[in-house]
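Breakdown of the fold
Chain residues, written in single-letter form:
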Amino acid sequence: MTDSRSTPLTRADYQTLGLAALGGALEIYDFIIFAFFATTLSKLFFPPDMPEWLRLLQTFGIFATGYLARPLGGILMAHFADRLGRKRVFSLTILMMAGPCLLIGLMPTYADIGILAPLLLLSLRILQGAAVGGEVPSAWSFVAEHAPLGRRGYALGVLQAGLTFGYLLGALTATLLARVFTPQEMLDYGWRIPFLLGGPFGLLGVWLRRWLSETPVFLAMRDRQDERATYPLLNVLRRHKHTLLPAAALTCVLTSAVVVLVVVTPTLLQQRFGMHADRAFALSSVGIVFLNIGCVIAGHVCDRIGQRRSLILYSLLLPVGIAALYADLIAGWGWPGLAYAFAGLCCGIVGVVPSIMVAMFPAEVRVSGISFTYNVAYSAWASVTPLLLIAAMPWSPWICVLYCALMALAGLLCVRAAQSPQEPSLDDALYQHG
């Protein structure tokens, strides 16, 4: 069903969308690059006489603090996004990500300053986690409130593609450096390069976002002081309690696609299926590329047939795509690249969920509502699920497919929370009393 009020995107709309998506990609790169060099960092920031497994475990523990810091940072920045404006926080988050990334590339190692090295690394990682916790909710709200009627799904799908492109940028950077430098050169100085690149990347994102304008929805709300809640999160907890559970569940569905496709499967390709690391990362890159494409397609589909039908469609496609991928790996059909590409396209649920969530909360508390539900659910789900899936893999190679089927059921149970075509749009909901 096409929205009869659909308005074409203008050149200014494309500029806003492009700057938002590019800035998000650069910020996600700054956040995720740590994971690609965890093995190297474990040798540099912990005592050399410490067992290797313990060094690696503590390094991933520092990486995980970035997820654990997301809720607090996201809630604090969401408060100011709802009170002071989307653009200010939208620019602040990328600066908070770029600064620590640059400092990691410059900081001394354990050999230089001893135990202070991992403590400093931990502190910088906490700042990064707080930054990314504010980025996604602010980005969703910013783009949705700028997008013309009938094109919000497409705009948010493009934004999600930009965010996931940050993962691809990190993977390609790690692959290139691994081929250019020897392992010893990486330990000596090569490991600093991706973090030093991340600093300018982030500053470029800050500069690009200077050209963005505040959303018309927030400007209209600012002119009506009564529309802005003094404490947006308290407003969410008191008046929108019924929305919290479906919003958290939808976050888990979105997270499941990313975790299985981007995080878990590349590891299982090496551990379970005996694939060389280079080939595993190459296949993962293919999957991420088609996940980007799938997000854009899913956003367009959301505009065409509505949120509820799109949620049903992509909840069903999610396990279908992952099943096709693992069927190829288990049966040895010899088409893993094609199967990974198909799985990426079917994970378009990542491009559908943002459209639903921005419509679940009114403008005066939108960023706070999204930030609270998204960051709490994401930090809990993304930190535990990969470990559980990898641990359960010896039980059955189909465990990821079963997991995605359960997540598809969760998505279907949330259909009633999605906006129907007859419900008011974001702007209508704001202006209907004006």
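Within every chain, residues take consecutive numbers counted from 1 along the sequence as written. In keeping with the predicted nature of the model, local features appear solely for residues at pLDDT of at least 70, side-chain atom pairs appear and are counted solely at 80 or more, and the whole-chain, interface and lining totals rest on all residues. Excluded from the side-chain calculation are hydrogens and water; included are all heavy atoms of the structure.

**Things to note about the overall build of the chain**
Here a strand is any run of E in DSSP of at least two residues, a helix any run of H or I of at least four, and the numbering for each starts at the N terminus. Looking only at helices and strands, the chain has 20 helices and zero strands in total. Since a compact globule built from 434 residues should have a radius of gyration of about 22 Å, the 21 Å found for the chain is in line with a globular shape. With the C-alpha coordinates aligned to their principal axes, the bounding extent of the chain is approximately 65 × 50 × 40 Å. Summary of the burial criterion: residues with accessible area below 20% of their type's maximum are buried, those above 50% are exposed, and those between are partly exposed, where the area comes from a 1.4 Å probe applied to protein chains only. In the chain, which comprises 434 residues, the share counted as buried stands at 58%. Whether two residues are in contact is decided by their heavy atoms, any of which lying within 4.5 Å being enough. Long-range pairs, those at least 24 residues apart, make up 84% of the contacts in the chain with a sequence separation of at least 6. By element, 68% of the accessible surface of the chain is carried by carbon and sulfur atoms, the whole surface being about 17900 Å². Counted charges follow a simple rule, with Lys and Arg positive, Asp and Glu negative, and His plus the chain ends left uncounted. Lysine's charge is taken at NZ, arginine's at CZ, aspartate's at CG and glutamate's at CD. Averaging the positions of the 29 positive and the 23 negative side-chain charges in the chain gives two centres separated by 4 Å. Radius of gyration: over C-alpha atoms. The globule rule applied is 2.2 Å multiplied by the number of residues raised to the 0.38 power. What sets the accessible areas is the Shrake-Rupley method with a 1.4 Å probe; for residues, cover comes only from the shown protein chains.

**Examining a nonpolar patch on the surface**
On the surface, Ile 113, Ile 115, Leu 116, Leu 119 and Leu 120 cluster together to form a nonpolar patch covering roughly 440 Å² of accessible area. In terms of residue count, the dominant contributor to the nonpolar patch is helix H7 (residues 116–146) (three residues). Topologically, Ile 115 is positioned in the loop between helix H6 (110–113) and H7. Only residues whose relative accessible area exceeds 30% and that take part in no salt bridge are eligible for patches, with like-charged residues grouped when within 9 Å of each other and nonpolar side chains (Val, Leu, Ile, Met, Phe, Trp, Tyr) grouped when within 5 Å. Take a side-chain nitrogen of Lys or Arg and a carboxyl oxygen of Asp or Glu: if they are within 4 Å of each other, that pair is a salt bridge.

**Details of the packing of helix H1 (residues 11–36) against helix H3 (residues 52–68)**
To obtain each axis, a line is fitted to C-alpha atoms, and for helices this fit is confined to the stretch in contact; angles are then taken between N-to-C directions over 0 to 180 degrees. At a minimum axis distance of 10 Å, the contact between H1 and H3 shows a crossing angle of 160 degrees. The orientation of H1 relative to H3 falls into the category roughly antiparallel. Considering the relative orientation of H1 and H3, their crossing is left-handed. Residue-level inspection shows Phe 31, Ile 32, Phe 34 and Ala 35 of H1 in contact with H3, the latter providing Thr 59, Ile 62, Phe 63, Gly 66 and Tyr 67. Each residue receives one of three labels: charged for Asp, Glu, Lys and Arg, nonpolar for Ala, Val, Leu, Ile, Met, Phe, Trp, Tyr, Cys and Pro, and polar for the others, Gly being one of them. Along the lines of polarity and charge, the residues of the contact of H1 with H3 split into seven nonpolar, two polar and no charged. Note on terminology: angles under 35 degrees are roughly parallel, angles over 145 are roughly antiparallel, angles of 65 to 115 are roughly perpendicular, and the others are oblique. Helix crossings fall into two classes, left-handed where the near helix is turned counterclockwise from the far one by less than a right angle and right-handed where it is turned clockwise.

**Quick notes on the packing of aromatic side chains**
The rule is short: rings of Phe, Tyr and Trp, with Trp giving its six-membered ring, pair when the centres are within 6.5 Å, and they are stacked under 30 degrees, edge-to-face over 60, tilted in between. Applying the stated criterion across every chain, the model contains six aromatic pairs. A ring pair is formed by Phe 45 and Trp 191, whose centres lie 5.7 Å apart and whose planes are at 90 degrees; its orientation type is edge-to-face. Taken as a pair, Phe 45 in the loop between helix H2 (38–44) and H3 and Trp 191 in the loop between helix H9 (183–190) and helix H10 (192–209) lie far apart in primary sequence, 146 residues in all. By the burial criterion, Phe 45 is buried, and Trp 191 matches it.

**Comments concerning the confidence of the model for the chain**
How sure the predictor is of each residue is captured by pLDDT, a score from 0 to 100. With 93% of its residues at a pLDDT of at least 70, the chain reaches an overall mean of 83. A low-confidence stretch, residues 428–434 (pLDDT under 50), is modelled with 12 contacts involving residues beyond four sequence positions or located in other chains.

**A short note on H10**
A helix is expected to span 1.5 Å for every residue after the first. With 18 residues, H10 should reach 26 Å at 1.5 Å per residue; the first-to-last C-alpha distance of 26 Å fits that figure. Of the positions making up H10, those classed as buried are Pro 194, Phe 195, Gly 198, Gly 199, Gly 202, Gly 205, Leu 208 and Arg 209. Where the residues of H10 are buried, they touch H1, H2, helix H5 (86–106), H7, helix H8 (152–180) and H9.

**Focus: the nonpolar core**
Working definition of a nonpolar core: buried Ala, Val, Leu, Ile, Met, Phe, Trp, Tyr and Cys residues. They are joined through side-chain atoms within 4.5 Å. Residues Phe 45, Trp 140, Ile 322, Tyr 326, Met 357 and Cys 400 are the most contacted members of the largest nonpolar core, which totals 118 residues. Setting aside its immediate chain neighbours within four residues, Ile 322 contacts Val 260, Leu 261, Ala 343, Cys 347, Cys 400, Val 401 and Cys 404.

**Examining the packing of helix H13 (residues 241–271) against helix H16 (residues 336–346)**
H16 packs onto H13 with a crossing angle of 160 degrees between their chain directions and a minimal axis gap of 12 Å. Overall, the two elements H13 and H16 adopt an arrangement that is roughly antiparallel. Crossing of H13 against H16: the hand is right-handed. Packed against H13, whose contacting residues are Leu 261, Thr 265, Pro 266 and Leu 269, the element H16 presents Tyr 340, Ala 343 and Gly 344 at the interface. Counted by class, the contact of H13 with H16 contains five nonpolar, two polar and no charged residues.

**Considering helix H18 (residues 366–392)**
The end-to-end C-alpha distance of H18, which contains 27 residues, comes to 37 Å, matching closely the 39 Å that a straight helix rising 1.5 Å per residue would cover. The sharpest bend along H18 measures roughly 30 degrees and falls at Thr 385, with the proline Pro 386 sitting one to four residues further on. The angle between axes fitted to the seven residues ending at a residue and the seven residues starting there is what we call the bend at that residue.

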